[in-house]
Amino acid sequence: MSDTENTLTAHLEELRRTLLRCLAVTAVLYPVGYAVSPWVIRGLVQWCFPDSVGRLHYFTPMEVFWVQLKLALILALVLAYPWNIVQVWRFLLPALYREERKALGWWIAFSSLLFFCGAGFCIGLILPMLMRFSGGFATPELQPVLGLANFLNLAGWLTLAFAVMFQAPVAVLLAVRFGVISVQSLKQKRPYVMTVILIVAAILTPPDVVSQLMLAVPTWLLFELGLVLASRLETPAGKAESK
C-alpha cells in the first residue's frame, strides 16, 4: 500500500472517529432533550399564543409522544453543538496553515452567531407576531383549532429559515474571498439580489406579507453588512477586476 493510500485511510479513520464522538454525545444528550421538551413546548405556547388563538390540541393518541421525540433530537443537537463543532475543528486543524486556522475559526464563530441570532429573532419576534395575525381572524362564529404537530412544524421551518437566511453576510464574504464575484459586481446586482431574497422569503414563510417582509428585510440588511465587511477583505486582484 502506498503512502498516499495510507494517508487517505488514516484520514477516513479519523473522520469516522470524529463522527462517532459527535453521535455519541448527541445520543447521550437525547434523554435530556426529551425530558425538557414538555417545558419547551409549554414555554413556546405561553410566549407565542394570544388569548384569541386559544389552546393547542392533538388529534391522534401518539401525536404528543412523536412530537416530543422529534423536539428532543433538535434540543440534543443544539446542546451538543459546541462539542460537535470542536470535534470538527480538531479534525480539520492538522490540514490547515496557521492563517487558515485563524480564518476558519472566525468563519465558524461568525456563522454560528448569525445562525442562533436568526433562530432567536424568529422565536422571539416572528412567531408571536404570526400567531397574533392568525388570531385576528377569530370571531364568535369562527374559532381556531390548532394542532400541536402543525404548530411545531411551522415553528421549526420558520426558525430554520431565519437561521439560514441570516447567513447572508457569510455567503457574501465567502463569495468575495474565493474570487467568485467582486464587491462592485454585487453592488451593481442589488436589484437582482433583492428579488431573489423576496422570492426565497415567500417560499420559506407562510403566505402572508408580514412574515415575508420580516424575513426579507433583515436578510437584505445582513447582505449589506456582508458587502461592507467584504469590501475590507477583498484582495487587490478582485478590486482590480471590478474596475
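In this text, all values refer to a predicted model and were calculated from it rather than measured experimentally. Every chain is numbered on its own, with residues counted from 1 as its sequence reads. Where local features are concerned, this predicted model is filtered to residues with pLDDT of at least 70; where side-chain atom pairs are given and counted, the filter is 80 or more; whole-chain, interface and lining totals use all residues. With hydrogens and water stripped out, all remaining heavy atoms of the structure feed into the side-chain values.

Student: Describe the overall build of the protein chain, and please don't skip the residues or the numbers.
Tutor: Helix and strand definitions here come from DSSP, where helices need a minimum of 4 consecutive H or I residues and strands a minimum of 2 consecutive E residues; each element is numbered from the N-terminal end. Along its length, the protein chain carries 9 helices and 2 strands. Seen in sequence order, the protein chain has helices and strands lined up from the N terminus as α-β-α-α-β-α-α-α-α-α-α. As a reference, a globule follows 2.2 Å times the number of residues to the power 0.38, and the radius of gyration itself is taken over C-alpha atoms. Here the C-alpha radius of gyration of the protein chain, 22 Å, is well above what a compact globule of 243 residues would show, namely 18 Å. Judged by the C-alpha coordinates and their principal axes, the protein chain covers about 70 × 50 × 25 Å. Classification of residues uses two cut-offs on accessible area relative to the type maximum, computed with a 1.4 Å probe and protein chains only: under 20% is buried, over 50% is exposed, and between them is partly exposed. Across the 243 residues that make up the protein chain, the buried fraction comes to 31%. Contact between two residues is taken to exist if any of their heavy atoms lie within 4.5 Å; hydrogens are not considered. Of the contacts formed within the protein chain by residues at least 6 apart in sequence, a portion of 82% connects residues at least 24 apart. To be clear on the numbers: accessible area is Shrake-Rupley with a 1.4 Å probe, and residue cover counts the displayed protein chains and nothing else. Per element, the accessible surface of the protein chain, about 15300 Å² overall, is 71% carbon and sulfur. Side-chain charges in the protein chain split into 18 positive and 13 negative, and the spacing between the mean points of these groups amounts to 7 Å. Positive charges come from Lys and Arg, negative ones from Asp and Glu, while His and the chain ends are left out of the count. Charged side chains are reduced to one point each, which is NZ for Lys, CZ for Arg, CG for Asp and CD for Glu.

Student: Quick rundown of the packing of helix α4 (residues 148-165) against helix α7 (residues 190-204)? Include the residues and the values.
Tutor: Two elements in contact, α4 and α7, have axes separated by 10 Å at closest approach and are oriented at 160°. Taken together, the axes of α4 and α7 are roughly antiparallel relative to one another. Every pair of crossing elements has a handedness; the one defined by α4 and α7 is right-handed. Residues L158, A161 and M165 of α4 touch α7, and the partners they reach there are I197, V200, A201 and L204. Taken together, the residues of the contact of α4 with α7 break down into 7 nonpolar, no polar and no charged. Lines are fitted to the C-alpha atoms to define the axes, a helix being fitted only along its stretch in contact, and any angle between axes, read from their N-to-C directions, falls within 0 to 180 degrees. Each angle is binned into one of four classes, with values under 35 degrees roughly parallel, values over 145 roughly antiparallel, values of 65 to 115 roughly perpendicular, and all other values oblique. In this scheme, a crossing is called left-handed if the near helix is turned counterclockwise away from the far one by less than a right angle; it is called right-handed if the turn is clockwise. Polarity classes work like this: nonpolar for Ala, Val, Leu, Ile, Met, Phe, Trp, Tyr, Cys and Pro, charged for Asp, Glu, Lys and Arg, and polar for all others, with Gly in that last group.

Student: Please provide a residue-by-residue account of the confidence of the model for the protein chain, values included.
Tutor: One number per residue, pLDDT, summarises how confident the predictor is, and it ranges from 0 to 100. Summing up the model confidence of the protein chain, the mean pLDDT is 83 and the portion of residues at 70 or higher is 93%. Per-residue pLDDT, averaged within each element of the protein chain, yields its smallest value for helix α9 (residues 236-242) (50) and its largest for helix α2 (residues 63-92) (89).

Student: Explain the packing of aromatic side chains to me, and be specific about the residues and the numbers.
Tutor: The pairing test for Phe, Tyr and Trp rings, Trp by its six-membered ring, is centres within 6.5 Å, and the orientation test on the planes gives stacked under 30 degrees, edge-to-face over 60, and tilted for anything in between. A complete count under the given rule lists 9 aromatic pairs for this structure. In textbook terms, an aromatic cluster arises when at least three aromatic residues are bridged by ring pairs, as seen for Y34, F65 and W66.

Student: So what's going on with the side chain of Q167? Residues and values would help.
Tutor: By the secondary structure assignment, Q167 is in the loop between α4 and α5 (168-177). Distance and chemistry together define a polar contact, namely a pair of N or O atoms within 3.5 Å, with one atom able to donate a hydrogen and the other to accept it when in protein, and with adjacent residues in sequence counting only for side-chain atoms on both sides. Within polar-contact distance, the side chain of Q167 engages the side chain of S111 at 2.6 Å. Leaving out residues up to four positions away in the same chain, Q167 has contacts with S111, L114 and F115.

Student: So, the pattern of salt bridges: which residues are in play, and what are the values?
Tutor: The term salt bridge refers to a side-chain nitrogen of Lys or Arg lying within 4 Å of a carboxyl oxygen of Asp or Glu. On inspection of all chains with the given rule, the structure shows 5 salt bridges. A salt bridge links R21 to E14; the nearest nitrogen and oxygen atoms lie 3.5 Å apart. The exposure class of E14 is partly exposed, given its relative accessible area of 25%. When the shortest N-O distance is used, the salt bridge between R190 and E224 registers 2.8 Å. Here R190 is found in helix α7, whereas its partner E224 is found in helix α8 (residues 209-233), with 34 residues between them in sequence. Owing to a relative accessible area of 28%, R190 belongs among the partly exposed residues under this scheme. A cluster of three or more residues bridged by salt bridges with shared partners is formed by E13, E14, R16, R17 and R21.

Student: Any chance you could break down α2 for me, citing the residues and the numbers?
Tutor: One less than the number of residues in a helix, times 1.5 Å, gives the span that helix is expected to have. The end-to-end C-alpha distance of α2 is 41 Å, a good match for the 44 Å that 30 residues give at a rise of 1.5 Å each. The seven residues ending at a residue and the seven starting there each receive a fitted axis; the angle between those axes is the bend at that residue. Of all the bends found along α2, the most pronounced is centred on Y81 and spans about 55°, while P82, a proline, follows it within four residues. By the burial criterion, the buried members of α2 are E63, V67, Q68, L69, L71, A72, L75, A76, A80, N84 and Q87.

Student: Account for the side chain of Q87, naming residues and giving values.
Tutor: Topologically, Q87 is positioned in helix α2. Leave out the neighbours within four places in its chain, and Q87 touches T18, R21 and C22.

Student: Which residues make up the environment of G156, and what values do they have?
Tutor: One can find G156 in helix α4. Classification of G156 as partly exposed rests on a relative accessible area of 36%. Distance from G156 to L77, taken between C-alpha atoms, is 14 Å for residues 79 residues apart in sequence.

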